[in-house]
Each structure stands twice: as C-alpha cells, then as structure tokens.
Amino acid sequence: QPKIQNFLLKIQKLITMFFFPCIDPFMYLRYKTCANDLVQSNNYDIIIAEHHGYITLMTGYALKTKYPNIKYYPVLWDPILGQTKPAFLPHWYVDKRILECENKVNSAADKIFSIKAAERIYANYADTAGNKRIFYDIPSILPPISTSPTKYQSLIKKGKINIIFS
C-alpha cells in the first residue's frame with residue numbers, strides 16, 4: 001500500500017509541476033466556473049479574493065479579465081513569493097512561476113491589500129503593484145463599545161449587495 005501511495009504522489013507532483021503554483025487545476029476550474037455563474041446571476045460590483053493559495057487569487061483574476069468593469073481587490077496576508085517552496089521543484093522555477101502569478105494579480109487588481117508586516121518583504125524585490133498596494137495592520141479584535149448608530153452605517157446602500165468582510 002505505502003509503495004503505491006508514494007508512487008501515485010510522485011506522479012501527482014510530476015503532473016502539477018506544469019501547473020504550479022496551482023496544485024489542483026480541477027479545483028481551480030470548479031472555483032472559476034462557480035464564481036462566473038455567481039457573477040452572471042448577481043451582477044456583482046466588487047470581487048474580493050483573499051489569498052488562500054493560488055486558486056482564489058486566480059479566480060478573481062479570471063473574473064476581472066472577463067468582466068473588466070468589476071473592481072478586483074486581492075487581499076494578500078502574506079506575499080505570494082514568501083510561501084513555502086515545494087522540495088520537489090527547483091527554487092528558481094518556483095520563484096519564477098510565483099512571480100508570474102503575482103504579476104498577473106497585480107496587473108489586473110484595482111487595489112491590493114497587504115499586511116503592514118510584509119512591507120519590508122515587498123521592498124526587497126521588484127513589486128509590480130506600484131501605488132495599487134495598500135498596507136494595513138490586522139485590526140484588534142474587540143467587542144463593540146456601543147450599539148448606537150455609527151458613521152459607517154451610512155455606507156450601507158439599500159438595493160445593493162453590501163459586503164462586510166472580517
């Protein structure tokens with residue numbers, strides 16, 4: 001059993017090498033198809049793609065290229081280039097492929113939200129995001145101080161889909 005599993009794992013790694021950094025091209029196609037169906041049926045104004053690997057970012061990228069009027073906001077908690085590199089691929093190949101992915105995301109994004117702690121990392125390589133990238137700290141998690149109305153309630157638009165992200 002373990003020999004067969006190891007053999008199948010090696011075959012899977014060999015196949016995914018051609019799609020890297022996408023480690024599951026079929027899941028990417030499912031995400032993209034489902035997200036496209038949602039956009040067509042709901043007429044969204046904004047796509048927020050949180051960096052949960054390649055698939056979510058590239059799904060947002062695919063939607064932005066198909067629907068250029070939609071605003072595309074990727075959220076990169078960590079730099080894509082800073083991810084753990086798979087041992088079975090040469091590091092130069094991994095860096096090249098990840099940088100290509102990040103450049104695609106940067107070119108299509110309207111704004112890019114990154115964590116403030118990653119600002120030094122982006123400064124160490126040619127960040128193609130330019131002035132699109134905005135650095136934020138993770139907000140403190142505190143219970144609400146007051147249940148009375150706030151100035152932010154005016155941002156909620158009736159008749160529109162409002163998104164609250166946390």
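Residues numbered from 1 in each chain as written. Predicted model: local features only at pLDDT ≥ 70, side-chain atom pairs only at ≥ 80, totals over all residues. Heavy atoms only, no water.

### A word on the overall build of the protein
The line we're drawing: Secondary structure elements follow DSSP: runs of H or I no shorter than four residues count as helices, runs of E no shorter than two count as strands, and numbering proceeds from the N terminus. Each residue gets one of three labels from its accessible area relative to the maximum for its type: buried under 20%, exposed over 50%, partly exposed in between, using a 1.4 Å probe on protein chains only. Here, residues are in contact when the closest pair of their heavy atoms is within 4.5 Å.
Check the secondary structure of the protein and you find five helices and four strands. Sequence-ordered secondary structure for the protein, helices as α and strands as β, is α-α-β-α-β-α-β-α-β. For the protein, the residues scored as buried account for 31% of the 166 residues in total. Taking contacts inside the protein between residues at least 6 apart in sequence as the whole, the part at least 24 apart equals 62%.

### Re the sheet that holds strand β1 (residues 46-50)
Just so we agree on the cut-off: Following DSSP output, two strands are said to pair if at least two bridges run between them. Lines are fitted to the C-alpha atoms to define the axes, a helix being fitted only along its stretch in contact, and any angle between axes, read from their N-to-C directions, falls within 0 to 180 degrees.
Strand order in this open sheet of four strands is β1-β2-β3-β4, and the pairing throughout is parallel. On the outer flanks of this sheet lie β1 and β4 (133-136), each paired with one strand and no other. Across the sheet, the axes of successive neighbouring strands diverge by a mean angle of 20°, strand direction being ignored. Bridge analysis of strand β3 (residues 112-115) against β4 gives four bridges, and the strand direction is parallel. Residue pairing in the sheet places Ser114 in a bridge with Phe135 of β4. Packed onto the sheet, helix α3 (residues 54-66) meets β1 and β2 (71-76) and runs at close to 165° relative to β2.

### A look at the packing of aromatic side chains
Put simply, the rule reads: The criterion for an aromatic pair is that two Phe, Tyr or Trp rings (for Trp, the six-membered ring) have centres within 6.5 Å, with stacked assigned to planes under 30 degrees apart, edge-to-face to planes over 60 apart and tilted to the rest.
Taken as a whole and assessed by the stated rule, the structure comprises two aromatic pairs. Ring centres of Trp92 and Tyr93 lie 6.0 Å apart, and the angle between their planes is 85°; on these two criteria the pair is classed as edge-to-face. On the accessibility criterion, Trp92 (60% relative accessible area) is exposed.

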